[in-house]
Amino acid sequence: MSFLPYAVAAWLFVVGLYGIVTSRHLVHLAVCLTVVQSSTYLILLSTGYVRHGSAPIYADIPPVSTAVDPVVQALTLTDIVVESTITALLLALAVQAMKRFGSVDPSFLRQLRG
Amino acid sequence: MTSVQHLAPLAIVIPMLAACVIAGLSFLPRRVHELVALAAALATTTLCAILLVHAKHGQIVYWLGGWKPHHGVALGISLTVDQFGAGIAMLTGVLVVASLVYSTRYYDEVDGPYFALVMTFMSGMVAFSLTGDLFDMFVFFELMSVAAFALTAVRIEERGPIQGAINFAVTNSVAGFGLLVGIALLYGRTGALNLAQIGQALDHHPADALVAVALLLIVAAFLTKAAAVPFHFWLADAHAVAPAPVSILFSGVMVELGVFGAARVLNTAFAQPIEPSLHDLRMVLVAVGTVTAVVAAFNCFQQRHLKRLLAFSTISHMGIIICGLALLTDRALAGAAAYALGHGLAKGALFLGTGTLLYHYGAIDEFELRGRGRDLPVLGIVFVAGALVLASAPLVTTFFGKSLIEDAALSADYEWLPAVLALCSALTAGALLRATARIFLGWGVDAPLSDRTDSEERSQQESSQEEGADVEPHGHTPALLVAVPAVLVVAAIVAGLVPELVPSVERAAAHFRDHASYAGAVLAGRPPQLAPVVESHVKATAWIYALASTAGALLLAGMGLRGRHVLPAGIADALRAAHSGHIGDYIAWWTFGMAIFGGLVLWAVAG
């Protein structure tokens, strides 16, 4: 068990946040959000990882053999569903922003201030 | 007690099914959609009421698919219903019903997907309140969030809603990912996702760095939903641009669910690990609540756009509710719950009231509407009554809630807290009274007396662009659009006077915070052993603070009518400038807040 996956996950979270903060394009911003989210996949999967474990499918292997944790894989799948929903919504909003503001740069979205 | 647990999943499934039916039958006329949604909302509210009554005797535990725990190990997913959970689910139901009834006349044009989204939103909120599983809390947190993002942008052709929805979606999603990382870390440590099971695994161990980081990420995510400063920027944008029947769900119950979620995890999973550090953690959380209440109250007073004013007032009142959570005692939590009930109903009435103004006049700016509200006197009374609730005037529901929080603050040696909270109540209620007097009576100056013309011009432009840029004034108002807010505001005032309500909230809070009884009910199926609760009485100091905040509100309203400001120009402009509307800035603030709040929480819990 190494700390590497956790270090990478922390890096992805922070670099994704940096991308969102400095983003000049809403599509780029949505992608940065998925970068932040990839850190959660990594954390989940490395939490359940077992060295030399097989996939948790016991159809053709003896039930006593080592397998990785299936729960975190289910959580990751759920997470991917959440992710795709949010990305779809944000991309739809980006299209509308282009139509109504004439720009997809967050700096030009100046309807709400103060 | 035999089969009542089967009602819990029904309360979640019914609105979900209604959403599917409405989305699938979107070719049917609007009235059919309204009827299906209304029937589902009423059924869910009734179920939550039954659950609320039965939860008096202890948690109602339902294991999905019959996967019950074996020898104290829970692999299945539970719904664990207690009085707080059922109560906030019922408040959700009541507000959804009010919103749906109101929207039958409010929207000139609305299609099926809107009602499907409202039902999905409701299902997510009810499920979030009833679940006993940490990962489910994440799933339902996301479900209600996604539905809420879409509902914010329901008027997709306008500019304000697009920007508001983007800011709302990005901020809450980032917080949600933090929540998931926290859950993954906890699962890695405990191998459990059930709240009671996590609590059992963490019992008898002082919190180490990993548990502290998990606690930080989870609580911070819920505080983002609850709009604690500096995670709060999304709220003002989202609430100001969403249509009125959606805003009441946001302000009335969604943000309160953030505090509820934080209280839930702190009192189940983390109950033992935080035990040694209660004193320090209390200090950190009270600081967050106080800063939120104060900053937002000053922001609120500066607003002239009525919905934005109410949005900032919501943030400020969330600060008060967070203080109730932060004191980490039974009494304070009971106070927070009673306060949330009164505030939720009153904010519902006020947001619907602004919706009615928009419907009638096609405008929502305080100066633009000056003196024009005389045609709707009843609505003016609703606004004044709502302001009384915000001021926690004596004997309204929020007064009882706040007196419990004050009482707990005094016993925890936070003598300064009640005075600060009274100031925030006075500022938010004063701002609303000022706007009410100007709109409905035509009192006060007719243009801002300000030499800061550039910022005023800016606010004029923006206020004409938020919800209602394209709304045609109707020039008349159906009685229903006044009746619904009136009913809600009456409920907000008298709920606290219902005999036995406040004492039973106190008992429910003690029950909610009883970690051992929760774990026993979930994992071992033990009936709870409820310790008798010492009920508190309203103290003389509470009357003084309530009268002071009410008088302060009148005074501040008078100042506001004469065009005076309460803050020096430099600070006021800085407060406004922070709300730049730029999502990058908001996430930078969020990261900054995580650094400060995170450092403090880690110091308090693991230090």
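Above: the structure in question.
Colleague: What is the right way to look at the overall build of chain A in this model?
Modeller: Broken down by element type, chain A carries three helices and zero strands. Ordered by position in the sequence, the α and β elements of chain A form the string α-α-α. Its C-alpha atoms give chain A a radius of gyration of 19 Å, more than 25% over the compact-globule value 13 Å for 114 residues. C-alpha extents for chain A along the principal axes are approximately 60 × 30 × 20 Å. In chain A, buried positions account for 40% of the 114 residues.

Colleague: Sorry, what's going on with the overall build of chain B here?
Modeller: When helices and strands are tallied, chain B shows 23 helices and two strands. The C-alpha atoms of chain B give 23 Å as radius of gyration, which agrees with the globular expectation for 607 residues (25 Å, within 12%). Considering only C-alpha atoms, chain B reaches an extent of 70 × 60 × 50 Å along its principal axes. Within chain B, buried positions represent 66% of all 607 residues. Look at the contacts in chain B between residues 6 or more apart in sequence, and 84% of them connect residues 24 or more apart. As displayed, chain B offers around 19,300 Å² of accessible surface, 67% of which is attributable to carbon and sulfur atoms. A distance of 4 Å separates the average location of the 31 positive side-chain charges in chain B from that of its 41 negative side-chain charges.

Colleague: What am I meant to see in the packing of aromatic side chains here?
Modeller: Residues and elements named next belong to chain B. For the coordinates displayed, the defined rule picks out 24 aromatic pairs over all chains. Relative to F250, the ring of F168 has its centre 5.6 Å away and its plane inclined at 70°; by these criteria the two rings are edge-to-face. With a gap of 82 residues between them, F168 in helix 6 (residues 159-190) and F250 in helix 10 (residues 244-267) connect regions that are remote in the sequence. Given a relative accessible area of 0%, F168 falls into the buried group. The buried category is assigned to F250, whose relative accessible area is 0%. Clustering of aromatic rings is evident, with ring pairs tying together F84, F128, F141, F222, F260 and F512. Positioned above the aromatic ring of F141, the side-chain terminus of K225 is 5.3 Å from the ring centre.

Colleague: Just to check I follow, could you spell out the interface of chain B and chain A for this structure?
Modeller: By a frequent convention, interface size equals the accessible area lost on bringing the separate parts together. Between chain B and chain A, the contact holds 50 residues from the first and 39 residues from the second. At the boundary of chain B with chain A, total buried surface from both sides reaches about 3,900 Å², with 76% on carbon and sulfur atoms. Taken together, chain B and chain A are joined by one salt bridge. One can count eight residue pairs in polar contact (both at pLDDT 80 or more) joining chain B with chain A. When contributions to the side of chain B that touches chain A are tallied by element, the ones reaching two or more residues are helix 5 (134-152), helix 6, helix 9 (233-241), helix 12 (306-326), helix 17 (453-463) and helix 23 (583-605) of chain B. Per element, the largest residue contribution to the side of chain B that touches chain A is 19 residues, and it comes from helix 6 of chain B. Across the side of chain B that touches chain A, the residue classes tally to 27 nonpolar, 14 polar and nine charged.

Colleague: Whenever I open this one, the environment of G563 of chain B confuses me. Can you help?
Modeller: Note on placement: G563 of chain B falls in the loop between helix 21 (540-561) and helix 22 (569-578). Along the chain, G563 of chain B and G444 of chain B lie 119 residues apart, while their C-alpha atoms are 7.6 Å from each other.

Colleague: Could you clarify how one ought to interpret the pairing of strand 1 (residues 60-63) of chain B in this entry?
Modeller: On a regular strand, each side chain points to the face opposite its neighbour's, so the side chains alternate between the two faces of the sheet. Residues and elements named next belong to chain B. Going residue by residue along strand 1, you find I60 and Y62 tucked away on one face and V61 and W63 tucked away on the opposite face as well. For strand 1 and strand 2 (residues 78-81), the ladder comprises four bridges, and the chain directions are antiparallel. The residue bridging W63 from the neighbouring strand is S78, located in strand 2.

Colleague: Quick question: what am I supposed to make of helix 9 of chain B here?
Modeller: Because an α-helix packs 3.6 residues into every turn, residues spaced three or four apart end up facing the same way. The element helix 9 of chain B is extensively covered by neighbouring structure, given that nine of its nine residues are classed as buried. Of all the positions in helix 9 of chain B, only F233, W234, L235, A236, D237, A238, H239, A240 and V241 of chain B are classed as buried.

Colleague: Teacher, can you tell me more about the packing of helix 2 (residues 26-47) of chain A against helix 3 (residues 70-101) of chain A here?
Modeller: Residue and element names in this part refer to chain A. Where helix 2 meets helix 3, the closest approach of the two axes is 10 Å, and the angle between their N-to-C directions is 175°. Considered as vectors, helix 2 and helix 3 are oriented roughly antiparallel to each other. Residues belonging to the contact of helix 2 with helix 3 are distributed by class as follows: 15 nonpolar, six polar and two charged.

Colleague: Explanation requested: the pattern of salt bridges in the structure shown.
Modeller: Summed over the entire model, instances satisfying the criterion amount to 14 salt bridges over all chains. A salt bridge links R24 of chain A to D105 of chain A, with the shortest nitrogen-to-oxygen separation between them at 2.9 Å. One end of the pair, R24 of chain A, is in the loop between helix 1 (4-22) and helix 2; the other, D105 of chain A, is in the segment after helix 3, and 81 residues separate them in sequence. Note on D105 of chain A: relative accessible area 9%, which makes it buried. Residue E500 of chain B is joined to R507 of chain B by a salt bridge in which the shortest nitrogen-to-oxygen separation is 3.2 Å. Each member of the salt-bridge network shares a partner with another, and the members are R30, R31 and E34 of chain B.

Rules of the game
Residues numbered from 1 in each chain as written. Chains lettered and ligands numbered in written order. Predicted model: local features only at pLDDT ≥ 70, side-chain atom pairs only at ≥ 80, totals over all residues. Heavy atoms only, no water. Helix = DSSP H or I, 4+ residues; strand = E, 2+ residues; numbered from the N terminus. Rg over C-alpha atoms; globule rule 2.2 N^0.38 Å. Buried < 20%, exposed > 50% of the residue type's maximum accessible area, 1.4 Å probe, protein only. Contact = heavy atoms within 4.5 Å. Areas by Shrake-Rupley, 256 points an atom, 1.4 Å probe, with all protein chains shown as cover. Lys, Arg positive; Asp, Glu negative; His and termini not counted. Charge placed at Lys NZ, Arg CZ, Asp CG, Glu CD. Phe/Tyr/Trp six-rings, centres within 6.5 Å; stacked < 30°, edge-to-face > 60°. Lys NZ or Arg CZ within 6 Å of the ring centre and 35° of its normal. Buried area = accessible area lost by both parts, 1.4 Å probe. Salt bridge = Lys/Arg side-chain N within 4 Å of Asp/Glu carboxyl O. Polar contact = N/O pair within 3.5 Å; in protein donor to acceptor, adjacent residues only side chain to side chain. Nonpolar A, V, L, I, M, F, W, Y, C, P; charged D, E, K, R; others polar. Pairing = 2+ DSSP bridges. Axes fitted to C-alpha atoms, helices over the stretch in contact; angles between N-to-C directions. Parallel < 35°, antiparallel > 145°, perpendicular 65-115°, else oblique.

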